[in-house]
Amino acid sequence: MKKTLLIILTTLTSLAYGQDKYDYVHYNKLTEIKGTEFVIATIENMGKLFTTNSKYLLFINTKNGTTKQVDFPKDAYIQKMEQIKIDSLGINKVLIAANTVNLDNSKTIDWSDPTQIIILSPDGQERIQLTEDKFFVRTWTINSQTGTIVVTGHYDSNNNGKYDKTDKNEIQIYDLKTLKLTNRI
């Protein structure tokens, strides 16, 4: 019986470990960065059983073919990517809303972890995380007249991993030129 159990466990371990070599990596979405020669490709890893989210973004210079890879943690989740282009103020940035930190110390980054706002330059060379790791972003909007981003969310005051009455709600305003916090409401 012990010998049979050992053979079964060894076989299952070998099969599970061997699955990674059959994973497929493909470019899921291409996004043009208007006003530049760059396109962003998102990466999707597909296995036999499931699909995982992007682990990185690939900025492609369409004039000369050079690329710049922007990495995220292996279990990060990129929720949204949008370009912020305000010509009158000289602003051209890429906004990423992503879960990139495992705040509750579970096995992986998941939906209960906070969303952060990350700003990238149109070529992917500069990366600034606007919101703090412990700030749970709920919504945001861009004011194209003032060149600011207004972000709503909360801090998990009691560190219980849930949104409840004791958590502190806040509105934060960031200047998109300097990428600095200007006001808290």
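Report follows, based on the coordinates. Here the residue numbers are simple positions, counted from 1 along each chain's written sequence. Only residues with pLDDT of at least 70 are given local features in this predicted model, and only at 80 or more are side-chain atom pairs given and counted; all residues enter the totals for whole chains, interfaces and linings. Excluded from the side-chain calculations are hydrogens and water; all other atoms, namely the structure's heavy atoms, are used.

## Remarks on the overall build of the protein chain
- Scanning the protein chain from N- to C-terminus turns up one helix and 13 strands.
- In DSSP terms, a helix is any run of H or I states spanning at least four residues, a strand is any run of E spanning at least two, and both are numbered starting from the N terminus. Of the regular secondary structure in the protein chain, the N- to C-terminal order runs α-β-β-β-β-β-β-β-β-β-β-β-β-β.
- Relative accessibility decides the category of a residue: with a 1.4 Å probe and only protein chains considered, values under 20% of the type maximum give buried, values over 50% give exposed, and everything between is partly exposed. When each of the 185 residues of the protein chain is scored for burial, the buried share is 36%.
- Between two residues, a contact is recorded if the distance between any of their heavy atoms is within 4.5 Å. Once local pairs closer than 6 in sequence are excluded, the contacts in the protein chain between residues at least 24 apart make up 33%.
- Of the accessible surface of the protein chain, which amounts to about 11700 Å², a share of 55% is contributed by carbon and sulfur atoms. In this description, accessible areas are obtained by the Shrake-Rupley approach with a 1.4 Å probe, and a residue is regarded as covered only by the protein chains that are shown.

## So, the packing of aromatic side chains
- Centre distance within 6.5 Å is the pairing criterion for rings of Phe, Tyr and Trp, where only the six-membered ring of Trp is used; planes under 30 degrees apart are then read as stacked, over 60 as edge-to-face, and the remainder as tilted. Tallied over the full model, the rule gives one aromatic pair.
- Cation placement over rings: the criterion is NZ of Lys or CZ of Arg within 6 Å of the ring centroid and within 35° of the ring normal. One Lys or Arg, Arg127, reaches over the ring of Phe72 and ends 4.5 Å from the middle of that ring.

## A short note on the pairing of strand E10 (residues 135-143)
- Two strands are counted as paired when DSSP detects at least two bridges linking them. Here E10 runs beside strand E11 (residues 148-155); their pairing, made up of eight bridges, is antiparallel. Following the sheet pairing, Ile142 is matched in E11 by Ile149.
- What sits between the antiparallel neighbours E10 and E11 is a turn of four residues, in which Gly147 has the positive phi angle 70°.

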